Amino acid sequence: MTSKEKSALQKEIVDTLDANPHGRLILAPRCGKTKIGIDVIKKNKPLSILWVTPSAELAEKDIPAEFVTWKAKRYVSKLTTSTWMSLHKLTGHYGMIILDEEQFLTENNSVNLINGTLTCDSLITMTGTASKHDTKKDLYNQLNLKVLYKISINEAVDIKLLSNYKMKILECSMSTDKVIEAGTKDKKWMTNEIAQYDYLDRTAKQAIYQNRADVGFRIMNRMRFVKNSPTKLKVAQWLFENLQGRVMMFCSTIAQAETVSPNTYHSKTDNTHLAKFKSGELDKITLVNAGGTGHTYKAVDHLVVVQSDSDKNGLTSQKICRTLLDQKDYEATVWMVSLIGTQDESWIKSTLTNFDHTKFEYLRFKNLLNTGL
């Protein structure tokens, strides 16, 4: 899609909105949601604006800078920015509220919107992927937020707003080596991944079936085990070493990301390595969750998702779309690591519903070790 065609699409979206719009814009990544939000502001001319965004860096630097970029500097003096974490502290009335990345909306941070101590003439929420959580849908209903415009990921690929892609689901078997410490504080023994996962899965399902008080704890134990799987670390290291070209890898944990590569970006680092990757000084980088939304990356040959989630908030899909920037003669390659026989398979299946199944290829890691890439 050319810049002219993209501008025409953005204008079409803004033109379809009534004066002082109230509702949701579900627009695939690369639609230019920030520009669209600013264009809605320019069209409606609110006297005050609250813009809520995921990170402090976006709130304090990037969003005000975008107003200048898109010729809306006159509105900066009317602009208040906030992170989602601080939204619950805000009260008063605004001409327009923009909730960027609506999937971060919770009952706690939206409390003042619901009880009426934070009000507005117009409320717009924006996201690249709609949440599948029933609790989120209930909140949208409480705030009377209807979908005003929607462009799905696959629609964005069809109109060449996003690049074409292929997805390789890399299935890996858990190890039978006794490398997992199990047992109690007083009595420990070594077991293998398969046996330990079976135990954690069984106790989680029992807790769910019996509606026990420890159900959350049991589910978290199972999820933590999948994330910290020694097999997943082995696969991540192999891919990082063997994939050629520019590689972005979203790891399961900070520890995993730092083990795979010293060139990393996450919640406990600064953006030195991220900036170098964006500029082309680095060809490979590991991340965790930071960098998965609100960033644009060019010429990425391989994007690897070591750990998916159920994608009910669309966060895994957003990570995948980081590399779908439309470029000449470019097709993105996305790798999804799947731990066979675990909840991981269900999480990945849920994520894949946002993408075109004709572009999927299922591979076995043990076969890849023999054949190579």
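These numbers were taken from a predicted model, which means no experiment stands behind them.

## Describing the side chain of Ser 122
Tracing the backbone shows Ser 122 in strand E5 (residues 118-127). Classification of Ser 122 by relative accessible area gives buried; the value is 0%. A polar atom in the side chain of Ser 122 sits 2.5 Å from the backbone oxygen of Pro 21. When sequence neighbours within four positions are dropped, the list of residues in contact with Ser 122 reads Asn 20, Pro 21, Gly 95, Met 96 and Ile 97.

## Thoughts on the environment of Asn 313
Relative to the helices and strands, Asn 313 resides in the loop between strand E13 (302-305) and helix H12 (315-321). Judged by relative accessible area, Asn 313 falls into the buried class, the value being 18%. Here the alpha-carbon distance between Asn 313 and Phe 355, two residues 42 residues apart in the chain, equals 15 Å. Ignoring sequence-local partners within four residues, the contact set of Asn 313 consists of Gln 103, Thr 129, Ser 131, His 133 and Lys 136.

## Some details on the sheet that holds strand E10 (residues 247-250)
The strand order E11-E12-E10-E13-E14-E7-E15 describes an open sheet built from seven strands, whose pairing is parallel. This sheet does not close on itself; its edge strands, each paired only once, are strand E11 (264-265) and strand E15 (360-364). For E10 and strand E12 (residues 284-287), the ladder comprises four bridges, and the chain directions are parallel. Paired with Met 249 across the bridge in E12 is Thr 286. With respect to the sheet, helix H11 (residues 272-279) is in contact with E10, E11 and E12, its orientation differing from that of E12 by roughly 135 degrees.

## Thoughts on the packing of aromatic side chains
Applying the stated criterion to the full structure yields four aromatic pairs. Its end group placed over the ring of Phe 240, Lys 284 keeps NZ or CZ at 5.5 Å from the ring centre. Of note, Lys 359 hangs over the ring of Tyr 165, and the distance from its end group to the ring centre comes to 5.4 Å.

## Some details on the nonpolar core
With 56 residues, the main nonpolar core has Leu 25, Trp 51, Phe 67, Met 167 and Met 248 as its most contacted residues. Examining the composition of this core, we find that four residues originate from one element, helix H2 (residues 33-44), more than from any other. Sequence-distant contacts of Met 248, defined by excluding residues within four places in its chain, comprise Phe 277, Ile 285, Leu 287, Tyr 297, Val 300, His 302, Leu 303 and Val 304. Counting 29 residues, the second-largest nonpolar core is a separate cluster that includes Leu 170, Cys 172, Ala 236 and Met 249.

## A few points about helix H13 (residues 344-352)
Listed as buried for H13 are Asp 344, Trp 347, Ile 348, Ser 350, Thr 351 and Leu 352. Of the surrounding elements, those touching the buried residues of H13 are strand E7 (164-172), helix H8 (215-227), helix H9 (230-242), H12, strand E14 (331-339) and E15.

## A word on the sheet that holds strand E2 (residues 49-53)
Judged by pairing direction, the sheet is parallel, and its six strands sit side by side in the order E3-E2-E4-E5-E1-E6 without closing on themselves. In this open sheet, the two edge strands, each paired with only one partner strand, are strand E3 (79-83) and strand E6 (146-151). Looking at each pair of strands side by side, their axes are set apart by 20 degrees on average, direction ignored. Judged from the eight bridges that link them, strand E4 (residues 92-100) and E5 form a sheet pairing that is parallel. Within E5, the residue paired with Tyr 94 across the bridge is Cys 120. Running over the sheet, helix H1 (residues 3-16) touches strand E1 (22-27) and E6 and is turned about 165 degrees from E6.

## Considerations on the pairing of strand E9 (residues 188-191)
Remark: a regular strand shows side chains that alternate across the two faces of the sheet. Sheet analysis places strand E8 (residues 180-183) next to E9, joined by four bridges and oriented antiparallel. Among the inter-strand pairings, Ile 180 is bridged to a residue of E9, identified as Thr 191. Counted between consecutive antiparallel strands, the loop separating E8 from E9 contains four residues.

## Examining unusual backbone geometry
A positive phi is found at Arg 30, a non-glycine position, where the angle reads about 85 degrees. With phi around 55 degrees, Asn 144 is a residue other than glycine that occupies positive phi space. As for its placement among the helices and strands, Asn 144 is situated in the loop between helix H5 (134-142) and E6. Judged by its relative accessible area of 48%, Asn 144 falls in the partly exposed class.

## Remarks on the packing of H1 against H2
Across the interface, H1 lies against H2 with an axial gap of 10 Å and an inter-helix angle of 45 degrees. Comparing their axes, H2 and H1 come out oblique. Crossing geometry of H1 relative to H2 is assigned as right-handed. Across the interface between the two elements, Gln 10, Ile 13, Val 14 and Asp 15 from H1 touch Lys 35, Ile 36, Asp 39, Val 40 and Lys 43 from H2. Along the lines of polarity and charge, the residues of the contact of H1 with H2 split into four nonpolar, one polar and four charged.

## Side note on the pattern of salt bridges
Side chains that carry opposite charge are capable of pairing whenever their charged atoms lie near each other. Inspection of the entire model under this criterion finds twelve salt bridges. One salt bridge connects Arg 218 with Asp 214, and the closest N-O pair in it is separated by 3.1 Å. With a relative accessible area of 21%, Arg 218 lands in the partly exposed category. The partner of Asp 344 in a salt bridge is Lys 232, and the shortest N-O contact between them spans 2.7 Å. Residue Asp 344 is located in helix H13, and its partner Lys 232 is located in helix H9; the two are separated by 112 residues in the primary sequence. Exposure class is identical for Asp 344 and Lys 232. Each is buried. Where salt bridges share partners, they join Asp 201, Lys 205 and Arg 222 into one cluster.

Reading the values: the criteria
- Residues numbered from 1 in each chain as written.
- Predicted model: local features only at pLDDT ≥ 70, side-chain atom pairs only at ≥ 80, totals over all residues.
- Heavy atoms only, no water.
- Helix = DSSP H or I, 4+ residues; strand = E, 2+ residues; numbered from the N terminus.
- Buried < 20%, exposed > 50% of the residue type's maximum accessible area, 1.4 Å probe, protein only.
- Polar contact = N/O pair within 3.5 Å; in protein donor to acceptor, adjacent residues only side chain to side chain.
- Contact = heavy atoms within 4.5 Å.
- Pairing = 2+ DSSP bridges.
- Axes fitted to C-alpha atoms, helices over the stretch in contact; angles between N-to-C directions.
- Phe/Tyr/Trp six-rings, centres within 6.5 Å; stacked < 30°, edge-to-face > 60°.
- Lys NZ or Arg CZ within 6 Å of the ring centre and 35° of its normal.
- Core = buried A, V, L, I, M, F, W, Y, C linked by side-chain atoms within 4.5 Å.
- Parallel < 35°, antiparallel > 145°, perpendicular 65-115°, else oblique.
- Left-handed = near helix turned anticlockwise from the far one by under 90°.
- Nonpolar A, V, L, I, M, F, W, Y, C, P; charged D, E, K, R; others polar.
- Salt bridge = Lys/Arg side-chain N within 4 Å of Asp/Glu carboxyl O.

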